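This is what each chain is made of:
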Amino acid sequence: MLLGLQARKRAKADLKKATDPMQRAVLDGRQLALKISANSVYGFTGATVGQLPCLEISASVTSYGRQMIDHTKSMVERHYSKANGFSHDAQVVYGDTDSVFVKFGPKDVKESMKIGEEASAMVTKTFLSPIKLEFEKVYCPLLLITKKRYAGLKYLDPNVPPKMDATGVETGPRLASAVRVFVLRCLIRLCWSQ
Amino acid sequence: MSQLMRKGKHQDLVLPVKERSGGGGGQLGGNEYEGATVLDAISGFYEEPIATLDFASLYPSIMQAHNLCYTTLVPRDQVKNFNPDHVATSPTGDTFVKPEVRKGVLPEILTELLTVRKRNF
């Protein structure tokens, strides 16, 4: 994976003529490889049995990350509040590593998406570039069981019907009994049909 | 690693060879550090919309924004010799010089990887 100027030019040219599915798949694979390479740099500095660990770097990375999640939570809750003239007090109901789940209050999915976009732009401004908080999706409804376990109907676009999205619930620990998985699945379906 | 060597060459840097502390030991005890936060989940069945906000490429973007690198880390006993405007200290108390003073090799690698990705996509 040589990343000189030439490689870049080639990549750009490739994209322009990428029309058939095969080529698109190759390009998609390449962008995924680049993403994984970028993410592994952090792991490299934290690998104590690796080639060149530097825990000052990896510990700083996670400490900044924790600080950013806490900052995001308090900023969103402080800004989107009745005290600030909004109809509801926003509440961060969950957050994991690089994301926060926010209940802004309004019942409308579209409205929540608009606030989500606004809020992420507002929070992004308080961080150094290229750190960026992005609004991603809305769950409605959402069943939040505990950390890393939730299920909901996921909206990426208010005009497109939502899709069921379950994390850590159906797939759960591999040893989860079949009975439990079955009961949970039924319960989730029940919740939706109400 | 090969990326580090290539980038390092441009800046006339050599990489130290570190003896690997492998051999039946497994993970080293004692020098572990704190990982990511998981905020407590407020369990419940929410009928109102819940929006999720995500940091894009969180760890790479932190390393770029704060210029975290082997080449920008200031040893703790030398922090006092630096102009406070030229450095920034992370929540763990480790100090790194700012990108305006010297851009780190790792952030440079990340910038390249991610710009190539953006153009590709």
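Structure first, text after, so check above.
Rules and cut-offs
- Residues numbered from 1 in each chain as written.
- Chains lettered and ligands numbered in written order.
- Predicted model: local features only at pLDDT ≥ 70, side-chain atom pairs only at ≥ 80, totals over all residues.
- Heavy atoms only, no water.
- Helix = DSSP H or I, 4+ residues; strand = E, 2+ residues; numbered from the N terminus.
- Buried < 20%, exposed > 50% of the residue type's maximum accessible area, 1.4 Å probe, protein only.
- Contact = heavy atoms within 4.5 Å.
- Areas by Shrake-Rupley, 256 points an atom, 1.4 Å probe, with all protein chains shown as cover.
- Pairing = 2+ DSSP bridges.
- Buried area = accessible area lost by both parts, 1.4 Å probe.
- Salt bridge = Lys/Arg side-chain N within 4 Å of Asp/Glu carboxyl O.
- Polar contact = N/O pair within 3.5 Å; in protein donor to acceptor, adjacent residues only side chain to side chain.
- Nonpolar A, V, L, I, M, F, W, Y, C, P; charged D, E, K, R; others polar.
- Patch = residues over 30% accessible without salt bridge, like charges linked within 9 Å, V, L, I, M, F, W, Y side chains within 5 Å.
- Core = buried A, V, L, I, M, F, W, Y, C linked by side-chain atoms within 4.5 Å.
- Disulfide = S-S within 2.5 Å.

Colleague: I'd like a description of the overall build of chain A, backed by residues and values.
Modeller: Along its length, chain A carries five helices and five strands. Going from N to C terminus, chain A has its helices and strands arranged as α-α-α-β-β-α-β-β-β-α. Expressed as a percentage of its 194 residues, the buried residues of chain A come to 43%. Restricting the contact set of chain A to residue pairs at least 6 apart, pairs at least 24 apart contribute 33%. Of the roughly 10800 Å² that chain A leaves accessible, carbon and sulfur atoms contribute 58%.

Colleague: Explain the sheet that holds strand β4 (residues 73-74) of chain B to me, and be specific about the residues and the numbers.
Modeller: Paired through their backbone hydrogen bonds, the strands of a sheet run either parallel or antiparallel. What the three strands build is an open sheet, ordered β4-β6-β5 (chain B); its pairing is antiparallel. Sheet topology places β4 and β5 (87-89) of chain B at the edges, where each strand pairs with a single neighbour.

Colleague: Describe the interface of chain B and chain A, with residues and values.
Modeller: Chain B puts 67 residues into the contact, and the matching count from chain A is 93 residues. In total, chain B and chain A occlude about 7900 Å² of area from one another, counting both sides; carbon and sulfur atoms represent 66% of this. Linking chain B to chain A there are two salt bridges. Along the contact surface separating chain B from chain A lie 16 residue pairs in polar contact (both at pLDDT 80 or more). Within the residue set of the side of chain B that touches chain A, elements represented by two or more residues are α1 (2-10), β1 (38-39), β2 (44-46), β3 (50-55), α2 (58-65) and α3 (105-120) of chain B. Top contributing element to the side of chain B that touches chain A by residue count: α3 of chain B, with ten residues. Its residues assigned to classes, the side of chain B that touches chain A shows 37 nonpolar, 18 polar and twelve charged. Bridging between strand β2 (residues 99-103) of chain A and β3 of chain B involves four bridges; their strand directions are antiparallel. When the bridges of β3 of chain B are listed, V102 of chain A appears paired with A51 of chain B.

Colleague: Now, about the pattern of salt bridges: what can you tell me, with residues and values included?
Modeller: Going through the model one piece at a time under the given rule, you end up with seven salt bridges over all chains. Residue K137 of chain A is joined to E136 of chain A by a salt bridge in which the shortest nitrogen-to-oxygen separation is 3.0 Å. The residue R76 of chain B makes a salt bridge to D94 of chain B at a minimum N-O spacing of 2.9 Å. Pair noted here: R76 of chain B is in the loop between β4 and β5 and D94 of chain B is in the loop between β5 and β6 (95-97), with a separation of 18 residues, a long-range link.

Colleague: Help me get a handle on unusual backbone geometry, residues and values and all.
Modeller: Note: most peptide bonds trans; most residues except glycine with negative phi. All names here are of chain A. Residue P130 follows S129 across a cis peptide bond; omega there is 0°. Considering the arrangement of structural elements, one finds P130 in the loop between α4 (109-124) and β3 (133-146). At the junction of C140 and P141, the peptide bond is cis and its omega measures out at -5° in the coordinates. Tracing the backbone shows P141 in strand β3. You will see that T97, though not glycine, has its phi angle at about 55°, which is positive. For T97, a relative accessible area of 26% translates into the label partly exposed.

Colleague: Hey, could you go over a nonpolar patch on the surface for me, with residue numbers and the actual values?
Modeller: On the surface, F182, V183, L187 and L190 of chain A cluster together to form a nonpolar patch covering roughly 390 Å² of accessible area. Tracing the sequence through the fold places V183 of chain A in helix α5 (residues 178-193).

Colleague: Which residues make up the environment of F55 of chain B, and what values go with them?
Modeller: Tracing the backbone shows F55 of chain B in strand β3. Beyond its immediate chain neighbours, meaning those up to four positions away, F55 of chain B contacts M68, I69, T72, D98, F127, I131, K132 and L133 of chain A.

Colleague: Tell me about the nonpolar core, and please be specific about residues and values.
Modeller: A general trend in soluble globular proteins is that nonpolar side chains are found buried together. F104 of chain A together with I62 and M63 of chain B are the most contacted members of the largest nonpolar core, which has 50 residues in total. Put simply, the parts of the chain that give this core at least two residues each are α2 (21-46), α3 (55-79), β2, α4 and β3 of chain A together with β3, α2 and α3 of chain B. Apart from the residues within four sequence positions on either side, F104 of chain A is in contact with V76, Y80, H88, A90, S112, I115, G116 and A119 of chain A together with A51 of chain B.

Colleague: Please give an account of the state of the cysteines that cites residues and values.
Modeller: All told, the structure shown has zero disulfides over all chains when counted by the stated rule. Take C54 of chain A: it sits in no disulfide, and the sulfur closest to it among the cysteines is that of C69 of chain B, at 8.3 Å.

Colleague: I'd like to hear about α2 of chain B, residue by residue, with values.
Modeller: Residue and element names in this part refer to chain B. Judged by how many residues are buried, α2 sits mostly within the fold: eight of eight residues are covered. Among the residues of α2, L58, Y59, P60, S61, I62, M63, Q64 and A65 are the ones counted as buried. Phi turns positive, to about 55°, at N67, one or two residues after α2.

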